[in-house]
2 protein chains.
Amino acid sequence: MLDERKRQVLFAIVRDYIQTAEPVGSRTIARRYEFGIGAATIRNEMADLEEMGFIEQPHTSAGRIPSDRGYRYYVDSLETLPELTVVDATLIKRHFGGRLRGHEVVLEATARLLSSLTNCVSIVIGPSAAQTRLKVMQVVPLNELSAVLMLVADNGLVASEVVRLPEGLSVVDLGEVCRVITAHYQGRTIDRLHEMNFGAFAGGIGVRAETFERAMDKLISGLERLEGERVVLGGATNILNQPEFKDLAKYRDVLKVLEVQELVQKLVATSTTNPYSVSIGAENHLNEMRDCSIITARYTISGEGIGHISILGPTRIEYPRVLSLLNYISKLIGQG
Amino acid sequence: MLDERKRQVLFAIVRDYIQTAEPVGSRTIARRYEFGIGAATIRNEMADLEEMGFIEQPHTSAGRIPSDRGYRYYVDSLETLPELTVVDATLIKRHFGGRLRGHEVVLEATARLLSSLTNCVSIVIGPSAAQTRLKVMQVVPLNELSAVLMLVADNGLVASEVVRLPEGLSVVDLGEVCRVITAHYQGRTIDRLHEMNFGAFAGGIGVRAETFERAMDKLISGLERLEGERVVLGGATNILNQPEFKDLAKYRDVLKVLEVQELVQKLVATSTTNPYSVSIGAENHLNEMRDCSIITARYTISGEGIGHISILGPTRIEYPRVLSLLNYISKLIGQG
DNA sequence: CGTTAGCACTCTACCTTGATGAGTGCTAAC
DNA sequence: GTTAGCACTCATCAAGGTAGAGTGCTAACG
């Protein structure tokens, strides 16, 4: 599709622009990357590349910058991930060195680390609780009127929900229900619990079926929301250091999206077939993100499910390095 | 300290500047607020006010803007809170109308509401768990190696922590410890649990005292962190609409502070004597906040403790209106 | 004596202008 | 096919110039 020389020129443009954030001209390429052709020749190649949609010109008489398509070609051409630089590797090791226990803490620490390494926004999403399994349901009475329902998953996550005791229902009854549910459903994955018909149990103890059903639903959703799917952002201000965001309006829109957790989850949601995914510019379906790229890696904590870590930055992001970073760190998290 | 006319002039400057964000000149005051004196007279008064430190001049031949001290005087002179406007009141009512249960949801909804009403950053801090009381400690086994320790407070909050079972300690033993702790400490407030010496219990069952102590500490802190003290930010981007933040550097610094939860808590931490507190400009001890004001109100959910809601904006914030809003909403939250 | 009108002065914001330089596209020569 | 040369285009930046807002001072007024 592209002959060797066009590839060389395109890659030079991409790399240079990623580094400098300045439109790159034919002279620059000829001088800085010496592959034995003159500036004029490069200009011809550039004209071709532009026609093919790989690069663009901000205005006549500026250099060229890669288009979404150009970045895409570049990323798809990356065969192997580069080694981490020594600096990166030691920083990561220091950061993960020893200690660090507890889901929440790890997520936050990772987010901070990633954002400081990349000067971009990092998004860390905790392992989904969907695939964890029910261990126990319990109830603890608070007073005559209310009690706490608790659901413990086999990975140690706990969801709790305060419920008002329906008239005539004692805590003892509720405890009995919990025992029955535990006996019946222990070992089921959380996402399948949604489909269960808890109302049936309620009948036996004189609670209105739908009331009980609703409480259970909330409880299960609570667990999913609790840690699984937990979204941690890091360094939302870092992106301000990037020259492309010196104009406020653009930045505001991006930040506004990041404030809405559901949108963030949608952005990170990836095809499950690949361990990485890269969304470049307009490939993100959110219009506000049309000048951003999102690189996501999956991590798996054995027995706890699947989570994601992402880096969001300008389309001019350092793809190879970020991919390597994410690759390395996602494995580190997986090992726990 | 200030004679009536100086007060009038000062207040006119403050009000006008709050509205327009433009330095206000003597003519403007003479025309817009007619208290029967000419521009020249006002100029004299302004010169005095400046010397006294209530107003400042960005540069020769610009109008005056209030200084921190000017705002302070203005705020301290507010005797009664103004009525909410009809618009504000209906918006609030609609937002809180019906439903809305569960701590987390209420906090988030409130944050969103406040930020959209004020075009400022809102900070909502959940009720502190410090004053809630221990209800039950429990343990649930996960597998041969680990178990979940759970601490239930009397307001229904639950903290959990996965612990590795020390060699030779069975879950049964741990359950026994929980029972003993529950029996001993039920009804103690969470903040006092910190001081307890849990190590003593460990001795009886052959666990190393400090190991156990550490796990308990984490558990208790976990509870405090869980919902109590939970910090929810709303509309961090709204502040971008304020003209004073059109210069990025300032905004970046503010946002950076907001990313660090501990700093936010410190900012909101108020003297406990007063139901409101207003921190103006340099009164915030953080240098990055020297151009911001923070208005905080306390709310009390009976039996759950004390929380805070704050609005952070430029020093040019609409003090009376925001105070009224916070007053109204904090009471609404309190009623649950 | 406090108040006010008038005036000269100051400073910012904004626009225009012109110079500079980076970069392109085209053409003609190698 | 490649390259040097040249005319042309734009963005950026500094300089200059104007308009407008606002001040401080002074002298007159009631």
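Up top is the structure these notes are about.
Residue indices follow the written sequence of each chain, beginning from 1 at its first position. Ligands are numbered from 1 and chains lettered from A, in the order in which they are written. Note on the predicted model: pLDDT of at least 70 is required for a residue's local features to be given, and 80 or more for side-chain atom pairs to be given and counted; whole-chain, interface and lining totals, by contrast, use all residues. Side-chain metrics in this entry use all non-hydrogen atoms of the structure; hydrogen atoms and water are not considered.

Draft legend 1. Region of the structure containing the relation of the copies chain A and chain B. Superposing chain A onto chain B requires a rotation of 180 degrees together with a translation of 0.2 Å along the rotation axis, leaving an RMSD of 0.2 Å. With respect to symmetry, the two chain copies, as superposed, fit the operation of a two-fold axis. Here the copies are superposed with least squares, the fitted atoms being C-alpha atoms of residues at a pLDDT of at least 70 in both.

Draft legend 2. Here's a closer look at the packing of aromatic side chains. All names here are of chain A. For Phe, Tyr and Trp, rings pair up if their centres lie within 6.5 Å, where Trp contributes its six-membered ring, and each pair is then called stacked (planes under 30 degrees apart), edge-to-face (over 60) or tilted (otherwise). Tallied over the full model, the rule gives ten aromatic pairs over all chains. Relative to Y251, the ring of F245 has its centre 6.3 Å away and its plane inclined at 70 degrees; by these criteria the two rings are edge-to-face. For the pair shown, F245 and Y251 are each scored as buried. The rule for a charge over a ring is simple: NZ of Lys or CZ of Arg within 6 Å of the ring centre, and within 35 degrees of the ring normal. Cation over ring: R69 sits above F54, and NZ or CZ is 4.5 Å from the ring centre. Each residue is assigned to one of three classes by its accessible area relative to the maximum for its type, calculated with a 1.4 Å probe on protein chains only: buried under 20%, partly exposed between the two thresholds, exposed over 50%.

Draft legend 3. Examining the protein's contact with DNA strand C more closely. Here, proximity means that at least one heavy atom of the residue falls within 4 Å of the molecule or strand. Taken together, 21 residues lie around DNA strand C, and A:S26, B:R5, B:G38, B:T41 and B:S61 are the ones closest in. In DNA strand C, the atoms that sit within 4 Å of the protein are 75% sugar and phosphate, with bases accounting for the remainder. Between A:S26 and DNA strand C, the recorded distance is 2.7 Å, taken from a side-chain N or O atom to a phosphate oxygen. The term polar contact refers here to a pair of N or O atoms within 3.5 Å; inside protein, the definition further demands a hydrogen-donor-capable atom paired with an acceptor-capable atom, and it admits residues adjacent in sequence only when both atoms are side-chain atoms. At 3.0 Å, a side-chain N or O of B:S61 approaches a base oxygen of DNA strand C. Secondary-structure elements contributing two or more residues to the surface near DNA strand C are α2 (26-32) and α3 (39-52) of chain A together with α3 (39-52) of chain B. By the criteria applied, helices consist of DSSP H or I runs no shorter than four residues and strands consist of E runs no shorter than two, each listed in order from the N terminus. At four residues, α3(B) tops the list of elements feeding residues into the surface near DNA strand C.

Draft legend 4. Seen up close, α3(B). Residues and elements named next belong to chain B. Compared with the 20 Å implied by 1.5 Å per residue over 14 residues, the 20 Å span of α3 between its first and last C-alpha is a close match. All buried positions along α3 are accounted for by I42, E45, M46 and L49. Looking straight down α3, one finds that the buried residues subtend no more than 105 degrees of arc, so they occupy a single side. Seen from the open side of α3, the exposed residues pointing more than 90 degrees away from its buried face are N44 and E51. Immediately downstream of α3, the backbone of G53 shows phi near 90 degrees, a positive value. Here the expected span of a helix is defined as 1.5 Å times the quantity of residues minus one. The arc in question is the one spanned by the directions pointing from the helix axis to the C-beta atoms.

Draft legend 5. Geometry of the sheet that holds strand β8 (residues 276-280) of chain B. All names here are of chain B. Strand order in this open sheet of five strands is β7-β3-β10-β9-β8, and the pairing throughout is antiparallel. A single partner strand is all that each edge strand has here, and the edge strands are β7 (231-234) and β8. Shown here is a sheet whose adjacent strand axes are inclined to one another by a mean of 15 degrees, direction ignored. Relative to strand β9 (residues 292-301), β8 runs antiparallel, the two sharing five bridges. Bridging from a neighbouring strand, Y276 pairs with A297 of β9. Two strands make a pair as long as DSSP finds a minimum of two bridges between them. Comment: axis = line fitted to C-alpha atoms, over the contacting stretch for helices; angle = value between 0 and 180 degrees taken between N-to-C directions.

Draft legend 6. Up close: the interface of chain A and chain B. Here, residues are in contact when the closest pair of their heavy atoms is within 4.5 Å. Each partner contributes to the interface: chain A provides 35 residues, whereas chain B provides 36 residues. A 1.4 Å probe defines the accessible area here, and the buried area is the portion of it lost by two parts on being joined, summed over both. The contact between chain A and chain B buries some 2,700 Å² in all, and 58% of this surface belongs to carbon and sulfur atoms. Here a salt bridge means any side-chain nitrogen of Lys or Arg lying within 4 Å of a carboxyl oxygen belonging to Asp or Glu. Across the chain A-chain B interface, the total number found is zero salt bridges. At the boundary of chain A and chain B, one finds eight residue pairs in polar contact (both at pLDDT 80 or more). If you list the elements that add at least two residues to the side of chain A that touches chain B, you get α6 (103-118), β4 (134-141), β5 (146-153), β6 (158-164), α10 (209-226) and α11 (248-259) of chain A. The greatest single-element share of the side of chain A that touches chain B, amounting to six residues, is contributed by α11(A). Three residue categories are used. Nonpolar comprises Ala, Val, Leu, Ile, Met, Phe, Trp, Tyr, Cys and Pro, charged comprises Asp, Glu, Lys and Arg, and polar comprises the others, including Gly. Each residue belonging to the side of chain A that touches chain B can be placed in one class, and the counts come to 16 nonpolar, seven polar and twelve charged.

Draft legend 7. Examining the protein's contact with DNA strand D more closely. DNA strand D sits among 21 residues. The nearest are A:R5, A:G38, A:T41, A:S61 and B:S26. Of all atoms in DNA strand D that approach within 4 Å of the protein, 77% are sugar or phosphate atoms. Within the contact set of DNA strand D, a phosphate oxygen lies 2.9 Å away from a backbone nitrogen or oxygen of A:G38. For DNA strand D, a phosphate oxygen lies 2.6 Å from a polar atom in the side chain of B:S26. When residues of the surface near DNA strand D are traced back to their parent elements, those giving at least two are α3 of chain A together with α2 (26-32) and α3 of chain B.

Draft legend 8. Broad picture of the packing of helix α1 (residues 4-20) of chain A against helix α4 (residues 68-77) of chain A. Residues and elements named next belong to chain A. At their nearest, the axes of α1 and α4 sit 10 Å apart, and the two run at 105 degrees to each other. It follows that α1 is roughly perpendicular to α4 by the angle criterion. Together, R7, L10, F11, V14, R15, Y17 and I18 of α1 and G70, Y71, Y73, Y74 and S77 of α4 make up the contact between the two elements. Partitioned by chemical class, the residues of the contact of α1 with α4 number eight nonpolar, two polar and two charged. Note on angle classes: values under 35 degrees are labelled roughly parallel, values over 145 roughly antiparallel, values of 65 to 115 roughly perpendicular, and the remainder oblique.

Draft legend 9. Broad picture of the sheet that holds strand β10 (residues 305-314) of chain A. Residues and elements named next belong to chain A. As summarised here, the arrangement of the five strands in space is β7-β3-β10-β9-β8, forming an open sheet in which the pairing is antiparallel. Edge positions in the sheet fall to β7 (231-234) and β8 (276-280), since each has one partner strand and no second. Direction aside, the axes of adjacent strands within the sheet are offset by 15 degrees on average. Relative to β10, strand β3 (residues 121-125) runs antiparallel, the two sharing five bridges. Bridging from a neighbouring strand, V121 pairs with L312 of β10.

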